[in-house]
Amino acid sequence: MAFGYLERTWRSGSLERAKWPPGNLKPALWQLAAMVVLGATACCAQTQLSGPLASKKVLILDAHDFGASASAEIDQGLLSALHDAGVSNSGLHFEFLDLRRNPDPRYRDALTAILRLKYESTKFDLVVAVAPPSLSVVLDDPHGRHPLFEGVPVIGVAILDDRISSTKEHPLILITDHTDVRATVKMALDLLPRTEHILVVCGVSEYNRQIELEAAPALREWAGRLDISWLNNLPLDDMLRAVSKAPPHSFVLYLGVTADVAGRTYVPTDVAETVGKVSAAPVFGISDTYVRMGLVGGFVKDYTEEGREAGRVAVRILKGDLTLLPAPPPIRAPNLELFDWRQMKRWGLDETRLPKGSVVENRPVTIWSQHPWYVIGTATFTVLESLLFGALWLDMRRRMRVQAELQRTQSLLQAILDGAPDFIFLKDRECRMVMANPAMLRAIGKPAEQVLGKTSRECFDDPELGRAIFEHDFRILETGVAESVEETVPGPGGLRILLSTKSPYRDPEGRTIGIIGVSRDITERKRA
């Protein structure tokens with residue numbers, strides 16, 4: 001949304017932020033009142049902590065408005081260190097002073113008066129001033145009045161000038177920024193060795209001029225062989241036009257724009273986003289907040305780590321470490337080699353040319369990069385599952401073949417049983433009929449349900465006949481020897497003489513489990 005707003009207003013020629021209205025204090029006072037309420041609201045969320053630091057009170061003065069990118073990262077690092085050490089949320093007081101957008105001295109006077117009134121009965125253990133304007137509110141009083149928070153140690157964070165010293169009213173510790181333009185330019189030239197032009201985008205505010213004073217000597221190293229164009233003598237609209245028409249073999253160095261020569265004020269990260277979008281050449285920056293708005297990268301200020309460093313120093317002071325006071329040397333926050341993968345690909349830059357240890361953000365997230373062991377485990381499980389499935393499939397195919405062969409054999413056997421003229425039967429160890437083919441059922445004149453599951457004594461009405469057949473069956477079961485015998489059985493056409501051959505039916509282990517019999521009707525042969 002920030003880019004859309006900036007691009008629309010750039011094209012309409014009205015890209016600027018509202019300035020302090022010199023003739024009317026009411027809008028600023030309303031803004032200040034809202035800011036004070038917001039600062040008080042930040043203290044409402046409390047956590048139940050105990051320990052030596054739980055009762056400490058810390059005032060955090062931020063020169064910017066709430067949500068400014070650099071301030072948000074500094075606050076994140078600062079709060080992380082304070083919370084880890086046991087400082088309670090109820091002891092933290094935030095004030096977002098919004099001094100960049102309201103530089104009028106009357107606003108500062110009103111702000112100082114409100115801070116005096118609001119905290120006149122509060123005894124702070126530490127004041128943290130984020131950015132030079134907020135530090136100036138604490139240390140400097142143009143009217144010579146009693147200083148704010150007298151005797152309270154002050155930590156200045158994101159300070160460019162390391163020559164600021166402690167006063168008798170305020171022991172001071174500085175966490176200083178370091179703008180290493182030379183390292184950023186060298187990285188850019190390593191990625192773009194055919195570079196011929198550098199376009200430098202920079203504003204004209206006091207902060208911008210401090211950055212320019214640091215950057216200019218570093219750029220002189222390449223002045224003899226590269227065309228270096230400073231665009232800070234142009235309004236922002238013209239700067240944007242210039243970078244949108246950047247010549248071949250060039251890159252843009254963005255140092256930040258909080259105000260331009262036309263007197264308009266801006267949010268530097270919004271301008272960084274717009275420059276990154278409209279530029280015809282790769283854009284490099286000096287701050288992590290700039291790079292994260294769509295620039296290629298650089299050797300940047302790491303504001304989160306700067307906040308952590310301030311937090312670590314704050315914890316030492318709150319614990320009573322007096323070795324840091326009253327006049328310690330400034331502490332320089334470390335810089336970070338930070339690059340954006342999407343911009344690297346946009347401009348076709350070779351990632352292997354980056355310095356060792358560079359942080360590359362916005363790289364496409366892959367499951368392998370985030371959870372390699374899950375990927376290995378899933379792949380292993382998938383392979384094993386595939387092997388198991390394959391084995392089951394082969395076994396199923398084998399079973400299907402066996403079942404098909406068995407079904408074919410059963411069909412063949414059934415066909416033989418159904419078509420055979422002889423009587424074929426099977427009995428179990430109790431001499432009960434288990435199977436009888438149709439020829440046998442027709443011969444004895446009984447349906448299957450009156451025969452199957454019954455012994456010969458139950459099937460025939462003649463007890464003597466039934467007993468004789470049963471005893472013969474039992475003898476074969478006992479001896480395990482096949483026999484042939486003539487048997488006379490009643491049928492629909494009278495008595496029939498059968499030549500029955502009976503053999504023991506054995507299981508795979510050789511145990512006799514029944515009788516297999518085949519009987520042939522020899523009645524006609526006997527009568528002849």
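The shown structure was predicted, so the numbers you read here are calculated from the model rather than taken from an experiment. (Residues numbered from 1 in each chain as written. Predicted model: local features only at pLDDT ≥ 70, side-chain atom pairs only at ≥ 80, totals over all residues. Heavy atoms only, no water.)

Student: How should the overall build of the protein chain be read in this particular structure?
Tutor: Looking only at helices and strands, the protein chain features 18 helices and 18 strands. Put simply, of all contacts in the protein chain between residues at least 6 apart along the chain, 66% involve residues at least 24 apart. As displayed, the protein chain has an accessible area near 27,300 Å², and 57% of this comes from carbon and sulfur atoms. (Helix = DSSP H or I, 4+ residues; strand = E, 2+ residues; numbered from the N terminus. Contact = heavy atoms within 4.5 Å. Areas by Shrake-Rupley, 256 points an atom, 1.4 Å probe, with all protein chains shown as cover.)

Student: Looking at this model, I keep getting lost on the pairing of strand 2 (residues 92-96). Mind explaining?
Tutor: A regular strand places its side chains so that they alternate between the two faces of the sheet. Along strand 2, five of the five residues are buried, which leaves the element largely enclosed by surrounding structure. The pairing of strand 1 (residues 58-62) with strand 2 spans five bridges and is classified as parallel. Residue pairing across strands places Leu59 opposite His93, the latter belonging to strand 2. (Buried < 20%, exposed > 50% of the residue type's maximum accessible area, 1.4 Å probe, protein only. Pairing = 2+ DSSP bridges.)

Student: What's the story with the nonpolar core in this structure? I'm lost.
Tutor: Buried together is how nonpolar side chains tend to be arranged in soluble globular proteins. Ranked by size, the top nonpolar core spans 50 residues in total, and within it Val181, Val185, Phe251, Tyr254 and Leu255 carry the most contacts. For this core, the secondary-structure elements that each account for two or more residues are helix 6 (181-191), strand 6 (197-202), helix 7 (206-219), helix 8 (236-244), strand 8 (250-256), helix 9 (268-278) and strand 9 (283-285). Take this core: its biggest share by element is seven residues, from helix 6. Beyond its immediate chain neighbours, meaning those up to four positions away, Tyr254 contacts Val201, Pro268, Val271, Ala272, Val275, Val283, Phe284, Gly285, Ile286, Tyr290 and Leu295. Residues Val58, Leu126, Val128 and Ile175 belong to the second largest nonpolar core, which totals 27 residues. (Core = buried A, V, L, I, M, F, W, Y, C linked by side-chain atoms within 4.5 Å.)

Student: What am I meant to see in the packing of aromatic side chains here?
Tutor: Any pair of aromatic rings gets described here by the distance separating the centres and the angle formed by the planes. According to the stated counting rule, one finds six aromatic pairs in the structure shown. Aromatic pair Tyr254 and Tyr290: ring centres 4.9 Å apart, planes at 70°, arrangement edge-to-face. Residue Tyr254 is found in strand 8, and its partner Tyr290 is found in helix 10 (residues 288-291); the two are separated by 36 residues along the sequence. Taking relative accessible area as the criterion, Tyr254 reaches 0% and is therefore assigned buried. Note on Tyr290: relative accessible area 6%, which makes it buried. Ring centres 6.5 Å apart and planes at 15° place the aromatic pair Phe470 and Phe474 in the stacked group. Here Phe470 pairs with Phe474, and both are found in helix 17 (residues 463-479), just four residues apart, close to one helical turn. By relative accessible area, which is 17% here, Phe470 ends up buried. (Phe/Tyr/Trp six-rings, centres within 6.5 Å; stacked < 30°, edge-to-face > 60°.)

Student: What exactly am I supposed to notice about unusual backbone geometry here?
Tutor: Where the residue is not glycine, phi is negative for most of them; where a peptide bond is considered, it is trans in most cases. The backbone phi angle of Ala158 is positive, close to 60°, even though this residue is not glycine. Tracing the chain through its elements places Ala158 in strand 4 (residues 154-159). Judged by relative accessible area, which is 7%, Ala158 ranks as buried. Unusually for a residue other than glycine, Asn362 sits at a positive phi of about 65°. In this structure, Asn362 sits in the loop between strand 13 (359-361) and helix 13 (367-370).

Student: How do you make sense of the pairing of strand 15 (residues 433-436) when you look at a structure like this?
Tutor: Where strand 14 (residues 423-428) meets strand 15, three bridges bridge the pair, whose relative direction is antiparallel. Of the residues in strand 15, the one forming a bridge with Phe425 is Ala436. Here strand 14 folds back onto strand 15, and the loop between the two strands holds four residues, one of which, Cys431, carries a positive phi near 65°.

Student: Looking at this structure, how should I read the packing of helix 3 (residues 69-84) against helix 11 (residues 303-318)?
Tutor: The packing of two helices is summarised by the inter-axis angle and the distance between the axes. One can describe the packing of helix 3 onto helix 11 by two numbers: an axis separation of 7 Å at closest approach and a directional angle of 40°. Once helix 3 is placed against helix 11, the crossing between them reads as right-handed. For the pair helix 3 and helix 11, the contacting residues are Ala70, Glu73, Ile74, Gln76, Gly77, Leu78, Ala81 and Leu82 in the first and Tyr303, Thr304, Gly307, Arg308, Ala310, Gly311, Arg312, Ala314, Val315 and Leu318 in the second. For the contact of helix 3 with helix 11, the per-class residue count stands at ten nonpolar, five polar and three charged. (Axes fitted to C-alpha atoms, helices over the stretch in contact; angles between N-to-C directions. Left-handed = near helix turned anticlockwise from the far one by under 90°. Nonpolar A, V, L, I, M, F, W, Y, C, P; charged D, E, K, R; others polar.)

Student: Please explain the sheet that holds strand 14 as it appears in this structure.
Tutor: Strands belonging to one sheet form pairs held by backbone hydrogen bonds; the direction of such a pair is parallel or antiparallel. Sheet architecture is open: five strands sit in the order 15-14-18-17-16, paired in antiparallel fashion. Strands at the two margins of the open sheet, each flanked by one partner only, are strand 15 and strand 16 (483-491). Going from strand to strand, the sheet's axes swing by 30° on average, the running direction of each strand aside. With six bridges joining them, strand 14 and strand 18 (residues 512-521) adopt antiparallel strand pairing. Counted as the bridge partner of Leu426 is Ile516 from strand 18.

Student: So what exactly am I meant to see when it comes to the side chain of Thr176 here?
Tutor: By the secondary structure assignment, Thr176 is in strand 5 (residues 172-176). Looking at Thr176, the relative accessible area reads 5%, which means it is buried. Ignoring any residue separated from it by four or fewer positions in sequence, one finds Thr176 in contact with Ile159, Asp162, Glu306, Pro330, Ile331, Arg332 and Ala333.

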